[in-house]
Amino acid sequence: QKEVEQNSGPLSVPEGAIASLNCTYSDRGSQSFFWYRQYSGKSPELIMFIYSNGDKEDGRFTAQLNKASQYVSLLIRDSQPSDSATYLCAVKSYNQGGKLIFGQGTELSVKP
Amino acid sequence: DGGITQSPKYLFRKEGQNVTLSCEQNLNHDAMYWYRQDPGQGLRLIYYSQIVNDFQKGDIAEGYSVSREKKESFPLTVTSAQKNPTAFYLCASRTGTGANVLTFGAGSRLTVL
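All values derive from a computational prediction rather than experimental measurement.

Chemist: Please clarify how the interface of chain A and chain B should be interpreted in this entry.
Modeler: Note on interface size: it is often stated as the accessible area lost on association of the parts. Taken together, the contact pairs 18 residues of chain A with 19 residues of chain B. Together, Ser43(A), Lys99(A) and Phe102(A) form the three largest contributors to the area buried by chain A at its contact with chain B, with a combined 30%. For the interface between chain A and chain B, the tally reads 0 salt bridges. At the boundary of chain A and chain B, one finds 3 residue pairs in polar contact (both at pLDDT 80 or more). Mapped by element, the contributors of at least two residues to the side of chain A that touches chain B are β4 (32-38), β5 (45-50), β9 (85-93) and β10 (99-102) of chain A. In terms of residue class, the side of chain A that touches chain B is made up of 9 nonpolar, 6 polar and 3 charged.

Here it is in structure tokens:
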């Protein structure tokens, strides 16, 4: 089992729809969870992070964390073509000395 | 403006050659990291350093070397021992306090001819 798993996609949604990106992790002791966006050929940029169970909203983005299920998700409301990118989930793993472990990323395509 | 500068952006290497990728930050961050990214894959940790003159191996350190002589600088050498060095290399840094948020440089794309 990979430490951080994401569906590689591509996930295709129409413009204006809600895009739902999912991530599961294996280290039950993990405390910090991050979502990065990466455009093709560019470096990752942080969208948001979440520490506590529940939802955290920032503009059109909502991160959801369920530690019991070891599941974190990112919802993008009113998706725009400019949201088309690869979304990387990252988990701070205490089993590995606090290192950030990345999933393989989910490619999102928003169709006009 | 504060940030992380990586150079060169593109690099071509012949087999058997060592190459050094530069990473400089003016964010006054304590910790610096090198990641490798292959197509369709996530980031894999090569080396990291939490303080000057100290660094630790990550998950895929074989064939790579680093130094941390200054807080601002964390160069990565890709040696001829690295069997498949063609990849996108990302340098990152983070402050030692507060949220463990990584800030990334623009990346260096290495191609072995």
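Chemist: Looking at this model, I keep getting lost on the sheet that holds strand β6 (residues 54-58) of chain A. Mind explaining?
Modeler: Across a sheet, strands are paired by hydrogen bonds formed along the backbone, either parallel or antiparallel in direction. Residue and element names in this part refer to chain A. The 5 strands lie next to each other as β1-β3-β8-β7-β6, forming an open sheet whose pairing is antiparallel. Only two strands of the sheet have a single neighbouring strand rather than two, namely β1 (4-6) and β6. Along the sheet, successive strands turn relative to each other by an average axial angle of 20 degrees, direction set aside. When β6 meets strand β7 (residues 61-66), the two strands line up antiparallel, connected through 5 bridges. Note on β7: the bridge partner recorded for aspartate 58 is phenylalanine 61.

Chemist: Honestly, the environment of Gly107(B) in this entry has me stumped. Any pointers?
Modeler: Residues and elements named next belong to chain B. Considering the arrangement of structural elements, one finds glycine 107 in the loop between β10 (103-104) and β11 (108-112). In sequence terms glycine 107 and arginine 36 are 71 residues apart; their C-alpha atoms lie 9.6 Å from each other. When near neighbours in sequence (up to four residues on either side) are disregarded, glycine 107 contacts Gln6, Pro8, Lys9, Phe88, Tyr89 and Leu90.

Chemist: Please explain a nonpolar patch on the surface as it appears in this structure.
Modeler: Residue and element names in this part refer to chain B. Nonpolar side chains collect at one region of the surface, where Tyr10, Phe12 and Leu113 lie side by side and expose about 400 Å² of accessible area between them. Relative to the assigned elements, phenylalanine 12 resides in strand β2 (residues 10-13). Given the relative accessible area of 54%, phenylalanine 12 is considered exposed.

Chemist: How do you make sense of the state of the cysteines when you look at a structure like this?
Modeler: Where two cysteines share a covalent bond between their sulfur atoms, that bond is called a disulfide. Residues and elements named next belong to chain B. By the definition in use, this model includes 2 disulfides over all chains. Here cysteine 23 pairs with cysteine 91 through a disulfide, and the sulfurs are 1.9 Å apart. On the S-S bond that ties cysteine 23 to cysteine 91, the torsion sits near -75 degrees, and the link is left-handed. With cysteine 23 in strand β3 (residues 19-25) and cysteine 91 in strand β9 (residues 87-94), this pair connects stretches of sequence that are 68 residues apart. With respect to burial, cysteine 23 and cysteine 91 carry one shared label: buried.

Criteria and thresholds
Residues numbered from 1 in each chain as written. Chains lettered and ligands numbered in written order. Predicted model: local features only at pLDDT ≥ 70, side-chain atom pairs only at ≥ 80, totals over all residues. Heavy atoms only, no water. Contact = heavy atoms within 4.5 Å. Buried area = accessible area lost by both parts, 1.4 Å probe. Salt bridge = Lys/Arg side-chain N within 4 Å of Asp/Glu carboxyl O. Polar contact = N/O pair within 3.5 Å; in protein donor to acceptor, adjacent residues only side chain to side chain. Helix = DSSP H or I, 4+ residues; strand = E, 2+ residues; numbered from the N terminus. Nonpolar A, V, L, I, M, F, W, Y, C, P; charged D, E, K, R; others polar. Pairing = 2+ DSSP bridges. Axes fitted to C-alpha atoms, helices over the stretch in contact; angles between N-to-C directions. Patch = residues over 30% accessible without salt bridge, like charges linked within 9 Å, V, L, I, M, F, W, Y side chains within 5 Å. Areas by Shrake-Rupley, 256 points an atom, 1.4 Å probe, with all protein chains shown as cover. Buried < 20%, exposed > 50% of the residue type's maximum accessible area, 1.4 Å probe, protein only. Disulfide = S-S within 2.5 Å.

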